[in-house]
Amino acid sequence: GGCLPPLTSAFGDMSQTKLRNRMGLAFIGVGAFCLVFGVVLACQLFTHWRLANGVVELRPTPDRPAELRREVRYTRASGVETTVPFPEETLPAAARPGDHVRVAYIPDSKTAMVCTFRSAWGTSALVGSLGLVLTALGFRFYSRCSPVAVESDAQIAEQRGSSQ
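My aim in this report is to walk through the structure given alongside it, one point at a time.

What counts, and at which threshold
- Each chain has its residues counted from 1, following the order in which its sequence is written.
- Residue-level local features of this predicted model are given only where pLDDT is at least 70; pairs of side-chain atoms are given and counted only at 80 or more, and the full residue set underlies all totals for whole chains, interfaces and linings.
- Side-chain numbers come from the whole structure's heavy atoms, not from hydrogens or water.
- Geometry of aromatic contacts follows a simple scheme: Phe, Tyr and Trp rings, the Trp one being its six-membered ring, pair when their centres are within 6.5 Å, and the pair is stacked under 30 degrees between planes, edge-to-face over 60, tilted otherwise.
- For helices the rule is a DSSP run of H or I covering at least 4 residues; for strands it is a run of E covering at least 2, with both sets numbered from the N terminus onward.
- The cut-offs for exposure are 20% and 50% of the maximum accessible area for each residue type, with area from a 1.4 Å probe on protein chains only; residues under the lower value are buried, those over the upper are exposed, and the others partly exposed.
- We call two residues in contact when some of their heavy atoms are within 4.5 Å.
- Any carboxyl oxygen of Asp or Glu that lies within 4 Å of a side-chain nitrogen of Lys or Arg is treated as forming a salt bridge with it.

## As for the packing of aromatic side chains
Applying the stated rule across the entire model yields four aromatic pairs. Between the aromatic rings of Tyr74 and Tyr105, the centroid separation amounts to 5.6 Å while the plane-to-plane angle is 35 degrees, which identifies the pairing as tilted. Linking Tyr74 in strand 2 (residues 68-75) with Tyr105 in strand 4 (residues 100-105), this pair joins segments that are 31 residues apart in sequence. Neither Tyr74 nor Tyr105 differs from the other in exposure class; each is buried.

Dropping the structure here:
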């Protein structure tokens, strides 16, 4: 007889289960890392950055005085007034000269950004969302691989006998 399944398929299924378990654990690990990294990025805004109110201004470009560019003038907590040219994509599209915007800056650095949802939370939200997706996929892979009970020929014969 052909009562027992071929050994190669039994070992093939077992190695596939192990592979799925390992993939699931890898997804869970990378997903958890992304979640933690997203939270750390979000916390950086609260711990290292300071907020100030700024005013959008139009000023001549140093290289081409005929061209005007939008800049933001704000006062740091130390009392130093700072003017920063921001790339157009970082300023809200509707920002006009004289408009007030929130500026986030690092006190001991020249680093500053106009504080919008995308600039302040975009990266941490993206990394955190990626972490959620990867973790969910990992649990899906891992939970689907639970060992399947293999019935012996005696158990199958016993069930057939009791059902008749």
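There's plenty left to go through after this.
## Topic: the environment of Leu91
Counting through the fold element by element, Leu91 comes out in the loop between strand 3 (81-85) and strand 4. By relative accessible area, Leu91 is classed as buried at 4%. Sequence separation of Leu91 and Val101 is ten residues, and the distance between their C-alpha atoms is 8.8 Å. With near-sequence residues (within four places) excluded, Leu91 lies in contact with Arg70, Val72, Phe86 and Val114.

## Structural notes on the pattern of salt bridges
All told, the structure shown has three salt bridges when counted by the stated rule. Between Arg59 and Glu57 there is a salt bridge, with the nearest N and O atoms lying 2.8 Å from each other. Here Glu57 makes a salt bridge to Arg73, at a shortest N to O gap of 2.4 Å. Of this pair, Glu57 sits in strand 1 (residues 50-60) while Arg73 sits in strand 2, and the two are 16 residues apart along the sequence.

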